[in-house]
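For reference, the chains in residue letters:
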Amino acid sequence: MTATTWHTHTPATPDTVQQWWVLTMRLIVPSVKTGEVLASVLAPAAFTASFYIPLKTVMMFSGNGFSSYAQYMMPLVILQAAAFTAISAAFRSATDSVAGLNRRFGAMPLRPLVPVAARMSANLFRLLISLAAAIAAGYVIGFRFRLDAVHTLGFLVFSVLIGLALTLGADVIGTLSKSPEATSQALVLPPLIFGMLSTGLAPASQFPEWIQWFVRNQPVSQFAIGLRALAGDTAGNAGTVSWSLMGPSLLWLAAIVAICTPVAIRLSSRRA
Amino acid sequence: MSLLAARTGDTAGETSPAALIRHTLIQTQRLLLRWARNPITLFETLLIPCLLLIMLDIVVGGQIERFTGEDALYGSVPMVALVGALSGAVAGGVLLGRERDAGLLARFWVLPVHRASGLASRILAEGCRILLGTIAVLIVGFLLGFRFHQGPLAALAFFFVPVIFGLAFATIVTAVAVYTAKASLVEGITILTSLMMFFSTGFVPLVAFPTWIQPVVRNQPMSVAVDAMRGLADQGPIARPLTMTLLWSAGAVLLFAIPAAIGFRRASRR
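What you see is a predicted model; the values in this text were computed from it and never measured.

A. The overall build of chain A, seen in detail. For chain A, the count of helices and strands is twelve helices and zero strands. In chain A, the succession of α and β elements from N to C terminus is α-α-α-α-α-α-α-α-α-α-α-α. On the principal axes, the C-alpha backbone points of chain A span a range of 80 × 35 × 35 Å. Contacts spanning at least 24 positions in sequence make up 80% of the contacts within chain A whose residues lie at least 6 apart. Side-chain charges of chain A comprise 17 positive and 8 negative groups, with the mean position of each set lying 7 Å from the other.

This is the structure we're talking about:
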């Protein structure tokens, strides 16, 4: 009876939604069980404390136009939390790639984009936890949403979009790499350089002149400016949300997605 | 024939002090070669501290100078040298875990190698690595404007602070690494060291911290080591911070040396 079914010419019919769900849970459940997910909560709290407590006096004694340092540096904490999620995303996709799991998925009756979609939804899960922890930590040090609900929603959506773009990029890098440890170590440096050499901690005018053009225009600064405008400030120097203010950061996001999506699709539909 | 003679000569003195020195030197050379030939660890322990120093000088250096009127380099150069020593210790811990898992330690155990040379060579290699890292950081610091103002003897002592500090930390990492090879534990140590860096007097001056946290910042291991090195290079008290550094280091060694040695022995006999 089974033999007859086996020999029919009907191809296996994959249930895409169920496959996606199973593969997503494969990534989420173990990290919850081992408590690894706690890192997504602790890391943003550690970033907040490490930037805010030592730098508050030094950075604010000459003033930077904001009502508090918490309000000023909060976007950088959001961006660091997103970068932290991206590094662990790269570690995971590299582990799958090195262990031969992607190759195995390629040989199974699986729709090509299901594995990458599952990895991305697991990344979204971690991203949401880590962003929530970052905002909670921000509230503790005195960060507040000063504008209406639409702007606050915009802040949340914008942070999730940045996080998704970064994790997508990291997923591609991880899939292409040969070693999970080497990848995550190599990815520690870019957030450090871009984070410190941005307007996230200090205004561009406080940097040496020769580097100011880079500090002003690089993506992290643009993201920080956009997030600051969406959060608002009582001192009134946060800027107003407009196409000219949000434009550069939206273009950076579009560029990351436009480069990474075709690569991600190509990598996951490759059958070897 | 001569080969056989050499071998018998060797096995006879497997436990002799001469063998200890010879085997330790050979194993130290092995570890240092391994380090030098792995671009990632080399990059991590030599280049990243230098980049970090340049970055700190650009981002917070100017602000601190305007805030205190003193050159921030005399805090950041020592701090970065110490951070380099710590991250080198973590890299060494990872390598040790890998060698245990690959069975290399067990293999040395059944060869005519002096028992103590495994651990001794790791200490010596670690010391060399920290010294090289400190020199690299100092070269960058020198280009940025860091100078020794207290004479050659103090400058010499300056180099020994990161070595002592790093070796004490390496003892802790070894004790952890020989029992568990888990990557998350190494990650935990990395988080601990970065917290130590941010909450130290090398990152920003003590007065910039809120009063409630100042006692912690002032007395934590990295701050006292930074202060000692600052005193040896520029100005400020030396006696108290140096004593505190030695106390912290001695405490770490006393607490963790025996577990590290037992763990190393156990890992070798696996």
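Back to the write-up after that little detour.
B. Main features of the pattern of salt bridges. Tallied over the entire structure, the rule returns seven salt bridges over all chains. Between A:Arg26 and A:Asp96 there is a salt bridge whose closest N-O contact spans 2.7 Å. One end of the pair, A:Arg26, is in helix α2 (residues 16-33); the other, A:Asp96, is in helix α4 (residues 69-98), and 70 residues separate them in sequence. On the accessibility criterion, A:Arg26 (32% relative accessible area) is partly exposed. Among the ionic pairs, B:Glu99 bridges to B:Arg34, the shortest N-O distance being 2.6 Å. A residue pair is termed long-range when its members are at least 10 positions apart, and B:Glu99 in helix α4 (residues 73-101) and B:Arg34 in helix α2 (residues 17-37) qualify at 65 residues. Within the structure, one salt-bridge network assembled from shared partners comprises B:Arg30, B:Arg34, B:Glu99 and B:Arg122.

C. Representation of the nonpolar core in the model. Formed by 99 residues in total, the largest nonpolar core has its most connected members in A:Phe155 and B:Met222. If we skip the residues at most four places from it in the chain, A:Phe155 touches A:Ile78, A:Ile135, A:Phe143, A:Phe145, A:Leu227, A:Leu230 and A:Ala231. In terms of nonpolar packing, the next biggest core, distinct from the first, is built from six residues, A:Leu168, A:Cys260, A:Ala264 and A:Leu267 among them.

D. Spatial organisation of the UniProt feature "transmembrane region" (unreviewed entry) in chain A. The sites that UniProt annotates as "transmembrane region" (unreviewed entry) are residues 35-53, 73-94, 127-147, 153-174, 186-204 and 249-267 of chain A. Between the end C-alpha atoms of residues 127-147 of chain A the distance is 24 Å, and the span holds 71% helix and 0% strand.

E. Focus on helix α11 (residues 239-268) of chain B. All names here are of chain B. Spanning 30 residues, α11 covers 41 Å between terminal C-alpha atoms, matching the ideal 44 Å at 1.5 Å per step. Of all the bends in α11, the greatest reaches close to 40° and is centred on Phe-256; the proline Pro-259 follows between one and four positions later. Among all positions in α11, only Pro-241, Thr-245, Ser-249, Ala-252, Ala-260, Gly-263, Phe-264, Ala-267 and Ser-268 are buried. Close packing links the buried residues of α11 with α4, α5 (104-110), α6 (117-144), α7 (151-179) and α10 (221-233).

F. Structural detail: the UniProt feature "domain: ABC-2 type transporter transmembrane" (unreviewed entry) in chain A. Under the present numbering, the feature "domain: ABC-2 type transporter transmembrane" (unreviewed entry) in UniProt falls on residues 49-265 of chain A. Counted over residues 49-265 of chain A, helix gives 74% and strand 0%. Its end C-alpha atoms are 39 Å apart.

G. Geometry of empty space enclosed by the protein. All names here are of chain B. Taken as a whole and assessed by the stated rule, the structure comprises seven cavities of 30 Å³ or more. One number sums up the size of the largest cavity: a volume of about 130 Å³. Around the largest cavity, the lining is made up of 14 residues, and of these Gln-27, Phe-108, Arg-115, Gly-118 and Phe-264 lie nearest the centre. Secondary-structure elements contributing two or more residues to the lining of the largest cavity are α2, α5, α6 and α11. A per-class count over the lining of the largest cavity returns six nonpolar, five polar and three charged. In this structure, the second largest cavity encloses a volume near 50 Å³. Lining the second largest cavity are Trp-35, Thr-45, Gly-84, Ala-85, Gly-88, Glu-126, Arg-129, Ile-130 and Gly-133. For the lining of the second largest cavity, the secondary structure elements donating two or more residues are α4 and α6.

Cut-offs used in this document
- Residues numbered from 1 in each chain as written.
- Chains lettered and ligands numbered in written order.
- Predicted model: local features only at pLDDT ≥ 70, side-chain atom pairs only at ≥ 80, totals over all residues.
- Heavy atoms only, no water.
- Helix = DSSP H or I, 4+ residues; strand = E, 2+ residues; numbered from the N terminus.
- Contact = heavy atoms within 4.5 Å.
- Lys, Arg positive; Asp, Glu negative; His and termini not counted.
- Charge placed at Lys NZ, Arg CZ, Asp CG, Glu CD.
- Salt bridge = Lys/Arg side-chain N within 4 Å of Asp/Glu carboxyl O.
- Buried < 20%, exposed > 50% of the residue type's maximum accessible area, 1.4 Å probe, protein only.
- Core = buried A, V, L, I, M, F, W, Y, C linked by side-chain atoms within 4.5 Å.
- UniProt positions renumbered as here; feature names shortened; annotations may be inferred.
- Expected span 1.5 Å × (residues − 1).
- Bend = angle between axes of the 7 residues up to and from the residue.
- 1 Å grid on protein atoms, 1.4 Å probe; cavity = no way out; pocket = protein on both sides within 12 Å on 5 of 7 lines; lining within 4 Å.
- Points joined across faces, edges and corners; volume = space filled by probe spheres on them.
- Nonpolar A, V, L, I, M, F, W, Y, C, P; charged D, E, K, R; others polar.

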